[in-house]
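Residues per chain are reported as follows:
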Amino acid sequence: MFIKISDRNKEKIELVSLIDMIFILLVFFLVTSFVIKLNLQERSLYVPTPKNVLGRAQLLIQFVDENRIFWLDEEASTVVESIEENYGYLNDASLRDRILSNLTSNNIISLNQMDSKINHLISAANQDPFTNYFILIRCPNELPYFHVIDVIEKLSSTKYRNIKYGCVGGTFDDIRYCKRIYDVVEKDSKGNRRKNLRIDF
Amino acid sequence: MTFFKIKKVVLIRSVQAVFAAVFIMFVIRTYFWIRLPETNIQVSYSGQEEKLIIPPRPGIKGIEITGPQIQPLFFSVDLSRAGVHSLDFLQLQLIDPHADVKLTCTIDEQGRLLFLQKDILMEGHTEAGLMIQKALKTWIYTPYKQGTIKFWFNLPSKGRKVIIDLSGLKRKDSIPRHIPIYTGQIHLIDGLENSELQISG
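Conventions and cut-offs
- Residues numbered from 1 in each chain as written.
- Chains lettered and ligands numbered in written order.
- Predicted model: local features only at pLDDT ≥ 70, side-chain atom pairs only at ≥ 80, totals over all residues.
- Heavy atoms only, no water.
- Helix = DSSP H or I, 4+ residues; strand = E, 2+ residues; numbered from the N terminus.
- Buried < 20%, exposed > 50% of the residue type's maximum accessible area, 1.4 Å probe, protein only.
- Contact = heavy atoms within 4.5 Å.
- Areas by Shrake-Rupley, 256 points an atom, 1.4 Å probe, with all protein chains shown as cover.
- Patch = residues over 30% accessible without salt bridge, like charges linked within 9 Å, V, L, I, M, F, W, Y side chains within 5 Å.
- Salt bridge = Lys/Arg side-chain N within 4 Å of Asp/Glu carboxyl O.
- Pairing = 2+ DSSP bridges.
- 1 Å grid on protein atoms, 1.4 Å probe; cavity = no way out; pocket = protein on both sides within 12 Å on 5 of 7 lines; lining within 4 Å.
- Points joined across faces, edges and corners; volume = space filled by probe spheres on them.
- Axes fitted to C-alpha atoms, helices over the stretch in contact; angles between N-to-C directions.
- Parallel < 35°, antiparallel > 145°, perpendicular 65-115°, else oblique.
- Left-handed = near helix turned anticlockwise from the far one by under 90°.

Student: Outline the overall build of chain A, supporting the account with residue identities and numerical values.
Tutor: Broken down by element type, chain A carries 7 helices and 8 strands. For chain A, buried positions account for 35% of its 201 residues. Taking all contacts inside chain A whose residues are at least 6 apart in sequence as the whole, residues at least 24 apart take part in 67%. When the accessible surface of chain A is summed, it comes to about 12600 Å², and 54% of that surface belongs to carbon and sulfur atoms.

Student: Explain a nonpolar patch on the surface residue by residue, including any values.
Tutor: There is a patch of nonpolar side chains on the surface, built from Phe23, Ile24, Val27, Ile28, Tyr31 and Phe32 of chain B and spanning about 550 Å² of accessible area. For Phe23 of chain B, the location among the structural elements is in helix α1 (residues 2-35).

Student: For the pairing of strand β4 (residues 100-107) of chain B, give the residues involved together with the corresponding values.
Tutor: Residue and element names in this part refer to chain B. Where burial is concerned, the two faces of β4 differ: the one with Val101, Leu103, Cys105 and Ile107 is buried and the one with Asp100, Lys102, Thr104 and Thr106 is not. Taken together, the 8 bridges between β4 and strand β7 (residues 145-154) define a ladder with antiparallel strand orientation. The partner of Asp100 across the bridge, within β7, is Asn154. As paired strands, β4 and strand β6 (residues 120-121) are joined by 2 bridges and run antiparallel to one another. The residue of β6 that forms the bridge with Leu103 is Ile120. Between β4 and strand β5 (residues 113-114), which pair antiparallel one after the other, the connecting turn spans 5 residues, and Gly111 there sits at a positive phi close to 90°.

Student: Explain the layout of surface pockets to me, and be specific about the residues and the numbers.
Tutor: Rolled over the atoms, a probe with the dimensions of a water molecule shows which regions are left empty. If you add up the space inside the largest pocket, you get close to 910 Å³. Taken together, 28 residues line the largest pocket, and the ones lying closest to its centre are Gln58, Asn132, Tyr133 and Arg194 of chain A together with Thr66 of chain B.

Student: Explain the environment of Ser110 of chain A residue by residue, including any values.
Tutor: Residue and element names in this part refer to chain A. Along the chain, the position of Ser110 falls in strand β4 (residues 108-110). Separated by 44 residues in sequence, Ser110 and Glu66 have C-alpha atoms that sit 9.4 Å apart. Residues contacting Ser110, with those up to four places away along its chain left out, are Asn67 and Ile69.

Student: So what's going on with the pattern of salt bridges? Which residues, and what values?
Tutor: Following the criterion strictly, the structure yields 14 salt bridges over all chains and no others. Here Asp188 of chain A and Arg194 of chain A are joined by a salt bridge, their closest N and O atoms 2.9 Å apart. Linking Asp78 of chain B and Arg81 of chain B is a salt bridge whose minimum nitrogen-to-oxygen distance equals 3.4 Å. Several salt bridges converge on common partners, so that one network encompasses Arg56, Glu186 and Arg198 of chain A together with Glu64 of chain B.

Student: Outline the packing of helix α5 (residues 111-127) of chain A against helix α6 (residues 146-155) of chain A, supporting the account with residue identities and numerical values.
Tutor: The packing of two helices is summarised by the inter-axis angle and the distance between the axes. All names here are of chain A. Remark: α5 packs on α6, axes separated minimally by 10 Å, with the N-to-C direction vectors making an angle of 25°. In terms of orientation, α5 lies roughly parallel with respect to α6. In this structure, α5 crosses over α6, and the sense of that crossing is right-handed. Counted together, Met114, Asp115, Ile118, Leu121 and Ile122 of α5 and Val151, Lys154 and Leu155 of α6 form the full contact between these two elements.

Below, the structure written as structure tokens:
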């Protein structure tokens with residue numbers, strides 16, 4: 001004998017709807033779990049960060065104060081070379097002091113002198129589009145930043161945009177009280193040997 | 001059939017319980033995350049792997065200013081000097097095809113090639129020896145190296161007919177070590193094929 005179960009007593013749950021709803025909730029929580037970590041996730045995004053290497057440049061413009069600039073270009077390595085040759089008998093600290101006193105007395109210039117040097121550089125860059133220049137601008141954090149902006153504006157006015165620049169915070173004292181300043185012979189990207197001036201802070 | 005009915009209900013309830021557990025777990029997790037300070041939020045394993053340590057910017061640890069390009073020097077016969085004469089090898093072979101002459105010469109500070117009669121071995125080949133001496137006497141080298149240079153003219157040889165030994169030469173102390181000195185044209189012998197010449201040292 002068959003027992004007929006009435007429809008009234010049957011518990012009917014729509015599984016399809018239930019699963020749909022649960023999955024929607026699952027997706028919601030998964031998404032919110034990522035959103036909540038957004039600040040940390042942002043750190044893991046690919047952001048091209050600078051390499052932990054020496055700041056390489058053809059020219060250093062170091063702001064000493066609002067009116068004075070410490071200007072180092074490729075001639076500096078020749079000066080350092082001659083001092084190293086003449087005073088090679090001194091210990092590292094004395095040699096460093098002698099080099100820095102020489103550079104400080106000869107390479108600290110006024111804003112007007114810097115303008116004329118930058119103009120000279122720009123005219124050289126405008127004449128040769130294939131020569132690229134990279135300039136490192138260092139400015140103390142406490143100095144108004146418009147000084148740097150002024151320099152950048154001038155450097156950006158080249159015809160072929162072949163003067164690149166990088167800005168970094170730092171005082172002249174970093175250089176004055178550096179660990180070591182010396183010449184080093186290295187090959188550049190084109191394989192040419194160059195005598196570079198290195199300053200270790 | 002009651003058994004089957006009960007089993008189905010249990011199954012549905014179990015599925016509901018699992019989804020409810022997942023739901024509650026996400027709610028609790030979200031609740032705790034919201035309460036936690038940002039720095040204490042647990043980063044997922046994938047996030048931890050991707051976390052980057054941002055290195056210091058260039059120019060903070062040190063600076064390198066590109067210096068002038070170092071031009072290499074070439075040690076060779078200085079053709080700009082007046083009175084430098086070449087040796088006619090074909091004529092030498094005509095005069096004495098069996099010539100065997102050895103010279104041990106000295107290059108002085110000015111780059112002059114010096115030798116005395118005792119430095120020449122030319123037994124039985126005087127005419128060829130004199131012809132070689134006459135030419136070599138006029139050779140002046142670029143003054144970057146000094147020391148001993150040996151010439152061996154071995155005309156009967158089927159292979160190398162002229163051997164030049166540079167192993168006794170040393171770069172001058174006054175030239176800075178970082179400047180490379182390459183060997184250029186170290187002889188002025190007309191009519192000598194490359195396969196007949198050996199330069200050693």
